[in-house]
Amino acid sequence: MMRATLLIFVGLMFSVSKGYAAEQTASDLAKMMNQAKYSEGFEARLNVLITKANGAHPAPFKLAVIGQFNAGKQRLVIRGISHEEVRNHFYAAESGSDGRVRAMESRSQASGYVDFDPSARMFNSGLVAWDMLGLWWGWQKQTLEGMEQVNGRECVKIRSVADDKNSVVQEVESCVDQQAKLSLRTRMFDHSHALLRTTSVANLAHKGEGGGMMAKKLSIKDADKTLAEIEVYAGDEQYQISAETFAMLDSPMRNIEREAK
Amino acid sequence: MSTDPHILPNNLSSARLPILRIEGLTLHFDGGQTKALNGVDLDVCEGEFVAIVGASGSGKSSLLNVIGTLDIPSSGELFFGAQPYSKIKDTSLFRRENIGFVFQSFNLISTLSALDNVIVPTIGCAGSDHEHKARAESLLIELGLRERMAHFPGKLSGGERQRVAIARALINRPRMVLADEPTGSLDSDNAIQVLDLLTGIVKQQGLTLVMVTHDASVSARADRVVRMRDGKIALPVGAYGDTPELIGGAP
Amino acid sequence: MNLFRFALNNLQRRPARTSLTVSAIALGIAAVVALTSIAWGFEASWQKANDARGTDLIVTRAASENTMPSPFRAEKVQQVLAALPHVKEVVGLLSEMLTVSDDAPPVFVFGWVYSSYLWEHLKLVEGRWPNASAEPVVVIGALAAEMLHKKTGDQVEIEGKSFQVVGIFESNAVVENGALLMTLEQAQQVTDKPGKVNVLNIKVDANTTEADLRNIKEQVKMTLPGFVAITSGELVSQNAVVRISKAMSNATILIAGLVGALVVFNTMLMSINERTREIGILLALGWQRGTIMKLVISESVILSLLGGLVGILVGVGIAWGLEHIELMRGKIDAIFSIPFFLEVQALSIVLGICGGFYPAFKASRLLPSSALRQE
Ligand SMILES: Nc1ncnc2c1ncn2[C@@H]1O[C@H](COP(=O)(O)OP(=O)(O)OP(=O)(O)O)[C@@H](O)[C@H]1O
Ligand SMILES: [Mg+2]
């Protein structure tokens, strides 16, 4: 759900209020998008409706995404709100300036946190913690590939190629609406150029402040044809991050768990 | 019988002011190509019944239209009493106050009852709906249509229709009735009946009647017959000089 | 027999054309009535909610275009406001639109400061009010109770947390009737917005003048950058949904007016062309040109008045129907009033006159002799 959050973030963003200059290089654009993620704290509440490849609809569920993004560190907590199956199901993820991503999961308050693959699907849906961090905007290799229309909106296609040959996602192709500072469509590819996921923005809303746009509705289509339709139904652009918010990421527990593994 | 005891033979009419005087009247159409009227001079006295005869296309209807202010003359002048037509500001008002029209083709409004048809000309006039209705009823009764008032024109005979049209022409108490072949669409029995009624009322009320007709038996009853030819008065003779044979003869 | 009856008679001659014209006008008027009554009702309902609370001024974050202003930390702003002259009470409020049941549309969840004046205007019809700021219970509006099939003693799940329904209340604002209400503390907890509110409500003392209110607004602007103080009416009229619905109703009025006038225009033009000879007869019979104009305009106005009448009935029906669709329950509260209907009828008269004017003028200018010659 890379784009998903990104979009949301973008909505939440304040920095980079300067307009995008006509002659923009790929790295300028990537930099702009990277900065657009920055936030001292945000919360977005999402309603997720899954459609399986066979057309089945599991019950829709709600979750909250809380994040804090700055140049040094990017942290996320994803918390299931309802229904019962996802309640108290937590994921947390962070990436430092070294580009390493860590994630963990807690299925119930009692069980505590265990390591989790940041590239794995969360809540059995196309939601992936790695995507939400939007790390590709910091990658070295960025190339512009011209203009395109997505859902009737003009956007610039930009391809990001991973620095790390071991990254699960090797290539990200985004189509960025420069005014909204929002990728309208993002495609993730693996090392063999196979499409992993596509995230598309279906609906934009003006942010409360600053004049940018945020995604109100988006969808993630998985390689296995599972479709997640996500609606941002509430949020707080200035979420108050407390000492406990990311406590699990600082706890030594995680390392112990990892060593035990 | 007459409301005007001074009705006199026509040759004495010069003693009185004509109600209508026409001087050098022309009426051109199509930029002067068609001369429907080409210099008409005519006086009509108050209370007189003038029949206008003449071949088809000779300008009879045109003359009636100009007299009734439905058309504006190309040149010449008409006087209604002392009033020159060229000075009439509101021709509708003039028509309403002075002229009653009867047409050959009745021209009744098919969706209105006989009574309502008679009332139509009073719409927009002073007086209450009730007064107008009462007058229309008495006129229709006078014209022998007591049982036919609520009928629609489609349910009336030709003679009855023309009688309704006569009542309609009289409702606003005109001083002059202009009738363009009022009996032209009727069989001879009906024609005589309608003519009797019309001339009867006209005489009784002292109205002036100018009637276009092709029918010799009709013109025979006029005070005076005026023959038209090519937009002019052909024989400006008094009724006394005209014989039915002459009138009925081929032009 | 008079002008009016003659005009009616003329319309009856062509029943199919007359009823088609009336239907076309009625459709336009119906759209106007439905949309306008809903737009006004929407605005009035918000207004009522604010007025009923006894709130004189509302402080929110500036430039909020969403239905609900974005949340902010209340504490400091509240202190500044409380210190302003004439300010008697400053009370925070948090509201969110949330789904609380799988088979009902989202509802408003309000959090109000426990035991503040905000609660005073509500009427408890069942159960009790919350007993403490920290008590995890809700009271629900009568309409919400019906829509969610909840009664006192039931549980409702809000954002993953279970709350007991301890009471059912009634309010004269439909927005509140369809809402769930808890203490601000509980609302902040469940939406994870500790210390935050969307709105601060200010109640001023009894001897506050208009000028004092303006002064408070000015002070807020100066001392609290990023915040605005507005009256509830201003808040409502700034509300994007209210603005959009009003713009839509205005656009509908314009379009329906134009279409209606065109329909009348077309019908009357056709009609007088058919009746040229008859108009010639009327002129020969001494009708004034003004009477002809009156006749044609009377016919147009009868058409549009009839259209207006039918349109009002259909429009009220549409609005009523929309109000009672499950999806819309509690969100619209169409407002009808006699003056509104009179205005709609005035609109239809105007469009009748506009549409009928040219045909009437044309008819009255006919030359009687040539009109008579027409077959
Ligand atoms: N509006 C008009 N435009 C052109 N020509 C006209 C018009 N009205 C009448 N005329 C012409 O003027 C002449 C006189 O016509 P008018 O109708 O007065 O004849 P009429 O004596 O009444 O004939 P009829 O006995 O057939 O009724 C005719 O040649 C006619 O074609
Ligand atoms: Mg003729």
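Every value quoted in this text rests on a predicted model; they were computed, and no experiment measured them. (Residues numbered from 1 in each chain as written. Chains lettered and ligands numbered in written order. Predicted model: local features only at pLDDT ≥ 70, side-chain atom pairs only at ≥ 80, totals over all residues. Heavy atoms only, no water.)

1. Side note on the overall build of chain A
1) Next: Helix and strand counts for chain A come out as 5 helices and 15 strands.
2) Next: Burial status across chain A gives 56% buried among its 261 residues.
3) Next: In chain A, of all internal contacts separated by at least 6 residues, the share reaching a separation of at least 24 is 51%. (Helix = DSSP H or I, 4+ residues; strand = E, 2+ residues; numbered from the N terminus. Buried < 20%, exposed > 50% of the residue type's maximum accessible area, 1.4 Å probe, protein only. Contact = heavy atoms within 4.5 Å.)

2. A closer look at the interface of chain C and chain B
1) Next: On the side of chain B, 25 residues touch chain C, which itself brings 24 residues to the contact.
2) Next: A combined buried area of about 2,200 Å² lies between chain C and chain B, and 58% of that area is made up of carbon and sulfur atoms.
3) Next: Where chain C meets chain B, there are 2 salt bridges.
4) Next: Across the salt bridge formed by aspartate 116 of chain B and arginine 5 of chain C, the nearest N and O atoms sit 3.2 Å from each other.
5) Next: If you look at where chain C meets chain B, you find 13 residue pairs in polar contact (both at pLDDT 80 or more).
6) Next: When contributions to the side of chain C that touches chain B are tallied by element, the ones reaching two or more residues are α1 (3-12), α10 (276-284), α11 (289-323) and α13 (368-373) of chain C. (Buried area = accessible area lost by both parts, 1.4 Å probe. Salt bridge = Lys/Arg side-chain N within 4 Å of Asp/Glu carboxyl O. Polar contact = N/O pair within 3.5 Å; in protein donor to acceptor, adjacent residues only side chain to side chain.)

3. Let's talk about the side chain of aspartate 116 of chain B
1) Next: Positionally, aspartate 116 of chain B belongs in helix α3 (residues 114-119).
2) Next: One polar contact links aspartate 116 of chain B to arginine 5 of chain C, side chain to side chain, over a distance of 3.2 Å.
3) Next: If we ignore the near neighbours within four places in the chain, the residues touching aspartate 116 of chain B are Met1 and Arg5 of chain C.

4. What about the confidence of the model for chain C?
1) Next: Confidence in the prediction of chain C, expressed as mean pLDDT, is 88, and 96% of residues score 70 or more.
2) Next: Two numbers describe this predicted complex: its pTM, 0.62, and its ipTM, 0.86. (pLDDT = per-residue confidence, 0-100.)

5. As for the packing of α11 of chain C against helix α12 (residues 338-364) of chain C
Residues and elements named next belong to chain C.
1) Next: With their axes 7 Å apart at the nearest point, α11 and α12 run at an angle of 150 degrees to one another. Considered as vectors, α11 and α12 are oriented roughly antiparallel to each other. Where α11 crosses over α12, the handedness of that crossing is right-handed.
2) Next: Classifying every residue of the contact of α11 with α12 gives 19 nonpolar, 8 polar and 1 charged. (Axes fitted to C-alpha atoms, helices over the stretch in contact; angles between N-to-C directions. Parallel < 35°, antiparallel > 145°, perpendicular 65-115°, else oblique. Left-handed = near helix turned anticlockwise from the far one by under 90°. Nonpolar A, V, L, I, M, F, W, Y, C, P; charged D, E, K, R; others polar.)

6. A few points about the site of ligand 1
1) Next: Around ligand 1 sit 15 residues, and of these Ser56, Lys60, Ser61 and Ser62 of chain B together with Arg373 of chain C come closest.
2) Next: Bordering ligand 1 are residues originating from chains B and C.
3) Next: Within the contact set of ligand 1, an oxygen atom lies 3.3 Å away from a backbone nitrogen or oxygen of serine 58 of chain B.
4) Next: Here an oxygen atom of ligand 1 sits 2.8 Å away from a polar atom, N or O, in the side chain of lysine 60 of chain B.
5) Next: Protein contacts shield 68% of the accessible area of ligand 1, which totals 630 Å² for the unbound molecule.
6) Next: The site holding ligand 1 turns out to be the second largest pocket. (Near = heavy atom within 4 Å. Areas by Shrake-Rupley, 256 points an atom, 1.4 Å probe, with all protein chains shown as cover. 1 Å grid on protein atoms, 1.4 Å probe; cavity = no way out; pocket = protein on both sides within 12 Å on 5 of 7 lines; lining within 4 Å. Sits in = over half its atoms within 2 Å of the grid points.)

7. Notes on the interface of chain A and chain C
1) Next: Residue-level contacts link 19 residues of chain A with 19 residues of chain C.
2) Next: Among the salt bridges present, the one from aspartate 236 of chain A reaches lysine 196 of chain C, with a minimum N-O distance of 2.7 Å.
3) Next: There are 12 residue pairs in polar contact (both at pLDDT 80 or more) connecting chain A and chain C.
4) Next: If you list the elements that add at least two residues to the side of chain A that touches chain C, you get β1 (39-51), β2 (61-69), β3 (74-82) and β15 (227-236) of chain A.
5) Next: By residue number, the principal contributor to the side of chain A that touches chain C is β15 of chain A, which donates 4 residues.
6) Next: Of the residues that constitute the side of chain A that touches chain C, the class distribution is 5 nonpolar, 7 polar and 7 charged.

8. Side note on the nonpolar core
1) Next: By size, the foremost hydrophobic cluster in this structure holds 110 residues, and its most contacted members are Ile22, Val40, Ile52, Leu63 and Ile67 of chain B together with Phe6 and Trp287 of chain C.
2) Next: With 9 residues, the top contributor of residues to this core is α11 of chain C.
3) Next: For valine 40 of chain B, the residues in contact, after removing those within four places along its chain, are Ile22, Glu23, Gly24, Leu25, Leu63, Met228, Gly231, Lys232 and Ile233 of chain B.
4) Next: Listed in part, the 53 residues of the second largest apolar core include Phe69, Trp130, Ile158 and Ala180 of chain A. (Core = buried A, V, L, I, M, F, W, Y, C linked by side-chain atoms within 4.5 Å.)

9. Details of the packing of helix α5 (residues 158-170) of chain B against helix α6 (residues 188-205) of chain B
Residues and elements named next belong to chain B.
1) Next: Their axes nearest at 10 Å, the elements α5 and α6 cross at an angle of 15 degrees. Between α5 and α6, the angle is such that the two are roughly parallel. Read as a crossing pair, α5 and α6 show a hand that is right-handed. Of the residues in α6, those touching α5 at Gly159, Gln162, Arg163, Ile166 and Leu170 are Asn190, Gln193, Val194, Leu197, Leu198 and Ile201.
2) Next: The residue makeup of the contact of α5 with α6, split by class, is 6 nonpolar, 4 polar and 1 charged.

10. Remarks on the sheet that holds strand β4 (residues 75-80) of chain B
Residue and element names in this part refer to chain B.
1) Next: The strand order across the open sheet built from 4 strands is β2-β1-β4-β5, with neighbouring strands paired in antiparallel fashion. The sheet is open, and its two edges are formed by β2 (34-45) and β5 (83-84), each paired on a single side.
2) Next: Looking at chain direction, β4 and β5 are connected through 2 bridges and run antiparallel. Its bridge partner lying in β5, phenylalanine 79 is registered against proline 84.
3) Next: Each of β1 (18-29), β2 and β4 touches helix α1 (residues 60-67); the most contacted strand, β1, lies at about 120 degrees to it. (Pairing = 2+ DSSP bridges.)

11. A closer look at α12 of chain C
Residue and element names in this part refer to chain C.
1) Next: For α12, which comprises 27 residues, the first-to-last C-alpha distance of 36 Å matches the rise-based estimate of 39 Å (1.5 Å per residue) to within 8%.
2) Next: Maximal helix bending in α12 amounts to about 40 degrees, located at phenylalanine 357; proline proline 359 follows within four positions.
3) Next: Those residues of α12 not exposed but buried are Phe340, Val344, Gln345, Ser348, Leu351, Gly352, Gly355, Gly356, Pro359, Ala360, Ala363 and Ser364. (Expected span 1.5 Å × (residues − 1). Bend = angle between axes of the 7 residues up to and from the residue.)

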